[in-house]
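Structural characterization, general
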Amino acid sequence: MRNLFDIVSKRKMKNIECLQRAVDYIEENMCSTMSITEIANYAYISERNLTELFTSIAGLSVTEYIRQRRLTEAAREILLTKDKILDISYKYGYESQEM
């Protein structure tokens, strides 16, 4: 008979693996439009579980994490490349000055 510790440990590992797959998908598709459904499907987890898990571990909603990552990557490109700010903003999905 398996003990409770093994069951909890396996569940935590599964959650971490799902979360890592979700983050991988987000990173790979940073410049594309993506939905919670697509991310959840890629991570083999329900949308509800993904949003709850993401918020509990990352402290941010999935959409807020994506927004922050896009802003970070856009800022990095503005500082490190000679690309036009307008081109970089379009690349990361910012089509207006509003966030």
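Up top you'll find the structure we're talking about.
Residues numbered from 1 in each chain as written. Predicted model: local features only at pLDDT ≥ 70, side-chain atom pairs only at ≥ 80, totals over all residues. Heavy atoms only, no water.

1. Let's talk about the packing of aromatic side chains
Aromatic ring pairs are described here by two measures, namely the spacing of the ring centres and the angle between the planes. Scanning all chains against the criterion turns up two aromatic pairs. Ring geometry for Y25 against Y42: centres 4.9 Å apart, planes inclined by 45°, an arrangement best described as tilted. Of this pair, Y25 sits in helix 1 (residues 4-28) while Y42 sits in helix 2 (residues 36-43), and the two are 17 residues apart along the sequence. By relative accessible area, Y42 is classed as partly exposed at 35%. Judged by centre distance (5.2 Å) and plane angle (65°), the ring pair of F54 and Y65 falls under edge-to-face. Highlighted residues: F54 in helix 3 (residues 47-58) and Y65 in helix 4 (residues 62-80), separated in sequence by eleven residues. The pair formed by F54 and Y65 is uniform in burial state, with each residue classed as buried. (Phe/Tyr/Trp six-rings, centres within 6.5 Å; stacked < 30°, edge-to-face > 60°. Helix = DSSP H or I, 4+ residues; strand = E, 2+ residues; numbered from the N terminus. Buried < 20%, exposed > 50% of the residue type's maximum accessible area, 1.4 Å probe, protein only.)

2. A short note on the packing of helix 2 against helix 3
Packed helices, taken two at a time, are described by the angle between their axes plus the distance between the axes. In the contact formed by helix 2 and helix 3, the axes pass within 9 Å of each other and the chain directions differ by 90°. Classed by the angle they form, the pair helix 2 and helix 3 counts as roughly perpendicular. Contacts between helix 2 and helix 3 involve I36, T37, I39 and A40 from the former and E47, L50 and T51 from the latter. When its residues are assigned to classes, the contact of helix 2 with helix 3 shows four nonpolar, two polar and one charged. (Axes fitted to C-alpha atoms, helices over the stretch in contact; angles between N-to-C directions. Parallel < 35°, antiparallel > 145°, perpendicular 65-115°, else oblique. Contact = heavy atoms within 4.5 Å. Nonpolar A, V, L, I, M, F, W, Y, C, P; charged D, E, K, R; others polar.)

3. Brief notes about the pattern of salt bridges
One pass over the structure, following the stated rule, counts six salt bridges. Residue R69 pairs with E27 through a salt bridge whose shortest N-O separation is 2.7 Å. You can see R69 sitting in helix 4 and its partner E27 sitting in helix 1, a full 42 residues away along the chain. Residue R69 is classed as buried on the basis of its relative accessible area, which comes to 17%. In this structure, the salt-bridge partner of R76 is E73, at a minimum N-O distance of 3.0 Å. Taken together, the residues R76 and E73, both in helix 4 and three residues apart, mark about one turn of the helix. One connected set of salt bridges, linked through shared partners, spans E27, R69, E73 and R76. (Salt bridge = Lys/Arg side-chain N within 4 Å of Asp/Glu carboxyl O.)

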